[in-house]
Amino acid sequence: MGRDPYWNHNVHYHRAVLAAVPHGCRTALDAGCGDGLLARKLATRAEAVTGIDRSPEMIRRARARQPANVTYVTGDYLDGTALTEDGYDFVSAVAVVHHAPFEDALAALTRLVTPGGRLVIVGLARNHTRLDWLISACGLPASRLLARLRGGKRDPDGMPLAHPPLHWGEVRAAARRLLPGCHYRRRLLWRYVVVWDKPGVVWDKPVVGWDEPRESGP
Ligand SMILES: C[S@@+](CC[C@H](N)C(=O)[O-])C[C@H]1O[C@@H](n2cnc3c(N)ncnc32)[C@H](O)[C@@H]1O
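Residues numbered from 1 in each chain as written. Predicted model: local features only at pLDDT ≥ 70, side-chain atom pairs only at ≥ 80, totals over all residues.

Colleague: Any chance you could break down the site of the ligand for me, citing the residues and the numbers?
Modeller: Taken together, 20 residues form the shell around the ligand, and within it Asn10, Gly32, Gly34, Ser55 and His99 come nearest. Residue composition of the shell around the ligand, grouped by class: 12 nonpolar, 5 polar and 3 charged. (Near = placed C-beta within 6 Å. Nonpolar A, V, L, I, M, F, W, Y, C, P; charged D, E, K, R; others polar.)

As structure tokens, this is what we get:
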């Protein structure tokens, strides 16, 4: 895998996503794949990868660089009609779930995971408590330094963006309620990472020994 063509806070957490891919993963889905950067990386870890995005412009860009084992679909992961229920050993959603009501997004994503497979969500939340603001402020120097090292921070042109409606504490509580047994961790660069294994057959998956969050909410 070569150097990323650009860097931003979502790209920064691609490594965490890739590290969670089950060994011997057959099918992977990247929901809200944007220009396909993560889908291309997943193609080195899974036999077949699907990237779905409802933005035709993003899918057009993704298809401009398409490895043989990646299929891109223009569509909505929420309605599921273009995707296979229980069909993906690994599902990722990076900076996507806040574009829809959280419960709807998680219900749709969990339906898509194969029993025994894994879901990884990298998401955004908004600040609410003083502690939230303090932690977010700690991210600033790290972000500036990393951006300098990576040639600046950039999103692909035309990338659809949205403000997160839920704050950190709400996301953490909802994730634990909707994804029993999930690992939730707030990360420094204004993202949380949730890893959830769908109950089912035992499957060889990298262990995620992430700490419980200490930094936000009740
Ligand atoms: C902020 S971008 C992130 C893109 C990519 N995951 C990344 O990390 O660079 C959010 C993407 O999700 C897509 N998206 C949002 N809701 C979606 C939905 N319900 N179905 C498919 N794509 C969706 C948007 O079109 C957009 O490309």
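Next, the rest of the story.
Colleague: Residues and numbers for helix α7 (residues 168-178), please.
Modeller: Along α7, the residues that are buried comprise Trp168, Val171, Arg172 and Ala175. End-on view of α7: buried residues confined to an arc of 95°, all on one side of the axis. (Buried ≥ 20, exposed ≤ 12 C-beta atoms within 10 Å, placed from the backbone. Helix = DSSP H or I, 4+ residues; strand = E, 2+ residues; numbered from the N terminus. Arc of directions from axis to C-beta.)

Colleague: Summarise the environment of Ala147; cite the residues concerned and give the values.
Modeller: Looking at the secondary structure, you find Ala147 in helix α6 (residues 130-149). The class for Ala147 is partly exposed, based on 16 C-beta atoms found within 10 Å. Between the C-alpha atoms of Ala147 and Gly169, which are 22 residues apart in sequence, the distance is 28 Å. Not counting residues within four places of it along the chain, the set of residues in contact with Ala147 comprises Trp7, Gly152 and Lys153. (Contact = placed C-beta atoms within 7 Å.)

Colleague: Could you give me a rundown of unusual backbone geometry, with the residues and numbers involved?
Modeller: Leaving glycine out, the prevailing phi sign among residues is negative, and the prevailing peptide bond configuration is trans. One non-glycine residue with positive phi stands out, namely Asp86, at about 60°. Tracing the backbone through its elements, the reader meets Asp86 in the loop between β3 (70-74) and β4 (88-94). In this structure Asp86 comes out as partly exposed when scored by C-beta crowding, with 13 C-beta atoms within 10 Å. For Trp190, which is not glycine, the phi torsion reads 60° and is therefore positive. Mapped onto the secondary structure, Trp190 falls in the loop between β6 (183-187) and β7 (191-197).

Colleague: Break down the sheet that holds β7 for me, with residues and values.
Modeller: Strands sit in the order β3-β2-β1-β4-β5-β7-β6 across an open sheet of 7 strands; the sheet is mixed. Edge strands, defined here as strands with exactly one partner in the open sheet, are β3 and β6. Averaged over all pairs of adjacent strands, the angle between strand axes in this sheet comes to 15°, irrespective of strand direction. Bridge count between strand β2 (residues 48-53) and β3: 5 bridges; the pairing is parallel. Each residue of the ladder has a partner; that of Val49, found in β3, is Val70. This element, helix α4 (residues 56-63), spans β2 and β3 of the sheet and lies at about 160° to β3. Contacting β5 (113-123), β6 and β7, α7 runs over the sheet at an angle of about 165° to β6. (Pairing = 2+ DSSP bridges. Axes fitted to C-alpha atoms, helices over the stretch in contact; angles between N-to-C directions.)

Colleague: Outline the nonpolar core, supporting the account with residue identities and numerical values.
Modeller: Membership of the largest hydrophobic core comes to 57 residues, with the highest contact counts inside it found for Ala28, Val91, Leu109 and Val194. Discounting chain neighbours no more than four positions away, the residues touching Val194 are Ile121, Ala175, Leu179, Cys182, His183 and Tyr184. (Core = buried A, V, L, I, M, F, W, Y, C linked by C-beta atoms within 7 Å.)

Colleague: Can you explain the pairing of β5? Please cite residues and give values.
Modeller: The element β5 is extensively covered by neighbouring structure, given that 9 of its 11 residues are classed as buried. Alignment of β4 against β5, held across 6 bridges, turns out to be parallel. Along β5, the bridge assignment pairs Ala93 with Ile121. With respect to chirality, the unit in which β4 leads through helix α5 (residues 102-112) into the neighbouring parallel β5 is right-handed. Here β5 pairs with β7 via 6 bridges, running antiparallel. Bridge pairing in β7 places Ile121 opposite Val194. (Right-handed = clockwise from strand over helix to strand, strands pointing away.)

Colleague: Any chance you could break down the UniProt feature "domain: Methyltransferase type" (unreviewed entry) in the chain for me, citing the residues and the numbers?
Modeller: Residues annotated by UniProt as "domain: Methyltransferase type" (unreviewed entry) correspond here to residues 29-121. For residues 29-121, helix accounts for 27% and strand for 32%, while the C-alpha atoms at its two ends are 12 Å apart. (UniProt positions renumbered as here; feature names shortened; annotations may be inferred.)

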